[in-house]
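# Results of the structural survey
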Amino acid sequence: LDRVRDHRDDPVAPPAPVLARAGPGLAAKSSVISSSSQIRNGAVTGAVLLSGPFTDLRVEGSLESRPLSYGPISFDAVTGSFRVEDGVLLVDQALGMAGTGRLEADGELVFADGALRLDLAADRWPLERLAQWAGLGQHVAGTVDGLGTLSGRLDAPAVASRLTLADVAFAGVPFGGG
């Protein structure tokens, strides 16, 4: 899909979906459905492409948000693409940004049993953001680089990772890195 744009300020509305008769059943025909919805402290813009007959519908899409926050989790920007086929959500090239940090993810979620696998890569991710996510009230500084995997079930995920910390400070006391 082409890069997602925010259509709210466009003088002409985004294209409406086009449905066509194609063999048995009704199928969506190379149409892009664009939408924008508010999610806490950010707006999400996206595009979705539907293809195939309704009995075997394939969904492809892309999303972008600047910023995005949900509870303690916040990003300066998030972009990514996904597809749904055969009861599986596949996430491709998801990218979250915070300050100079990048968090990349690729993986899948199986709807039937909630099984998930998400491969993660962090580059200069701010420890302050991780502390916020964990609910820590103390000031933490520094960055983290690393690779990890989020796996298991959606209701009980497990994380395995290898991390390297840099310029760590807690409550103003420097600890270094490693």
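### Quick notes on the pattern of salt bridges
Side chains that differ in charge, positive against negative, can pair when their charged atoms come close. Tallied over the full model, the rule gives nine salt bridges. As a salt-bridge pair, R58 and E60 come within 3.3 Å of each other at their nearest N and O atoms. Taken together, the salt bridges that share partners define one network made up of R58, E60, R83, E85 and D92.

### Section: the confidence of the model for the protein chain
Here the protein chain averages 79 in pLDDT, and 77% of its residues register 70 or above. Per-residue pLDDT, averaged within each element of the protein chain, yields its smallest value for strand β1 (residues 19–21) (38) and its largest for strand β9 (residues 101–110) (96). A low-confidence stretch, residues 1–38 (pLDDT under 50), is modelled with 70 contacts involving residues beyond four sequence positions or located in other chains.

### Structural notes on unusual backbone geometry
In this model, R66 is joined to P67 through a cis peptide bond whose omega is -15°. The residue P67 is located in the loop between β4 (58–65) and β5 (68–70) in this model. Unusually for a residue other than glycine, D86 sits at a positive phi of about 55°. As for its position among the elements, D86 is in the loop between β7 (77–85) and β8 (88–98). Although it is not a glycine, A171 adopts a positive phi angle of roughly 55°. Relative to the helices and strands, A171 is located in the loop between β12 (156–170) and β13 (173–176).

Cut-off values and rules
Here, residues in each chain are numbered from 1, in the same order as that chain's written sequence. Local features in this predicted model are restricted to residues whose pLDDT is 70 or higher, and side-chain atom pairs enter the listing and the counts only when it is 80 or higher, whereas totals over whole chains, interfaces and linings include all residues. Side-chain measures were taken over the full set of non-hydrogen atoms in the model, leaving aside hydrogen atoms and water. Salt bridges are identified by distance alone: a Lys or Arg side-chain nitrogen within 4 Å of an Asp or Glu carboxyl oxygen. Scored from 0 to 100, pLDDT reflects the predictor's confidence in each residue. Where helices and strands are cited, they refer to DSSP runs of H or I of at least four residues and of E of at least two residues respectively, numbered from the N terminus. Should any heavy atoms of two residues lie within 4.5 Å, those residues are counted as being in contact.

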